[in-house]
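Residues per chain, in single letters:
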Amino acid sequence: MNFNLLGETYPTTVNGPGDRYMIHLQGCSLKCVGCFNPESWSFKENKLVNIYELADKIKSHNPDGLTISGGEPFLQPQSLLEFLKYLENPFKNGILIYSGFYEAELKNIPEYSEISNIVDVIVSGRYDQTKRVFNSLLSSINQKFIWNPSSKITEEELQNQNFELISINEGYTLTGFPPFSKDITKDLKELGVDIKGF
């Protein structure tokens, strides 16, 4: 069983508590205006990765936690569930999933109930750039946290935003919650990071 993957980031400290492993799944039909990862929208095969090999690779790094984003993770629900069951959530800072689906929509996905019992928290809801917030891992005020009652993550740990540049293969990956402005865009361009549309 495979994921269609956009990419992987390790370590990251701005996508949940602790040093986290982050994976971005490929494919999203929601296409939120202002999305930070529009390259993740396409459903074309990008990088097929065996979910068991990926899980073993992640565990070998012994991260504090795992963050799953997209694209839209719940559009690969069978692979997502099997991946999470195989992992067995060994992380001291748990598993966090970003989803653009609202909770009522997630409940229509057959695998959702089992997935929500394995992960610690789901950030749920479309990104709305007109309702942007800057003090939480929620990106806009219409989003919400869906908590597992046994969560290893606390709401307090999700109450700030930051971003980081990670050097990979002679280039940079920007992750987290960058406060886009003309100044930061200029600074990033000086580092060789070109942010489109700013």
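Residues numbered from 1 in each chain as written. Predicted model: local features only at pLDDT ≥ 70, side-chain atom pairs only at ≥ 80, totals over all residues. Heavy atoms only, no water.

Caption draft 1: Representation of the side chain of R20. Its place among the elements puts R20 in strand 2 (residues 20-25). For the buried residue R20, which engages in no salt bridge, the nearest side chain bearing the opposite charge is D120, 6.5 Å off. Reaching out from R20, the side chain makes a polar contact with the backbone oxygen of P17 at a distance of 2.9 Å. (Helix = DSSP H or I, 4+ residues; strand = E, 2+ residues; numbered from the N terminus. Buried < 20%, exposed > 50% of the residue type's maximum accessible area, 1.4 Å probe, protein only. Lys, Arg positive; Asp, Glu negative; His and termini not counted. Salt bridge = Lys/Arg side-chain N within 4 Å of Asp/Glu carboxyl O. Polar contact = N/O pair within 3.5 Å; in protein donor to acceptor, adjacent residues only side chain to side chain.)

Caption draft 2: Structural view of the packing of aromatic side chains. All told, the structure shown has five aromatic pairs when counted by the stated rule. Centre to centre, the rings of F3 and F83 are 5.0 Å apart; their planes meet at 65°, and the pair counts as edge-to-face. Of this pair, F3 sits in strand 1 (residues 2-12) while F83 sits in helix 2 (residues 77-87), and the two are 80 residues apart along the sequence. With 5.5 Å between their ring centres and 50° between their planes, F145 and W147 make a pair best called tilted. Of the residues examined, F145 reaches a relative accessible area of 11% and is grouped as buried. (Phe/Tyr/Trp six-rings, centres within 6.5 Å; stacked < 30°, edge-to-face > 60°.)

Caption draft 3: A look at unusual backbone geometry. The omega torsion across Y10 and P11 is -5°, close enough to zero to call that bond cis. By the secondary structure assignment, P11 is in strand 1. Even without glycine at this site, N62 takes up a positive phi of about 50°. Tracing the sequence through the fold places N62 in the loop between helix 1 (51-61) and strand 4 (65-69). In this structure, N89 takes a positive phi of about 45° despite not being glycine. Along the chain, the position of N89 falls in the loop between helix 2 and strand 5 (95-99). We classify N89 as buried; its relative accessible area is 11%.

Caption draft 4: Representation of helix 2. Among all positions in helix 2, only P77, S79, L80, L81, F83, L84 and L87 are buried. Just beyond helix 2, the residue with positive phi is E88, at close to 65°.

Caption draft 5: Broad picture of the sheet that holds strand 6 (residues 121-124). Read across the sheet, seven strands follow the order 3-1-2-4-5-6-7 without closing on themselves; strand pairing throughout is mixed. With one partner strand each, in any of the chains shown, strand 3 (48-50) and strand 7 (144-147) form the two edges of the open sheet. Across the sheet, the mean angle from the axis of one strand to that of its neighbour is 30°, orientation sign disregarded. Note: strand 1 against strand 2, five bridges, orientation antiparallel. Paired with T12 across the two strands is R20, which belongs to strand 2. Its contacts with the sheet place helix 2 against strand 1, strand 2, strand 4 and strand 5, and it is angled at close to 180° to strand 4. (Pairing = 2+ DSSP bridges. Axes fitted to C-alpha atoms, helices over the stretch in contact; angles between N-to-C directions. Contact = heavy atoms within 4.5 Å.)

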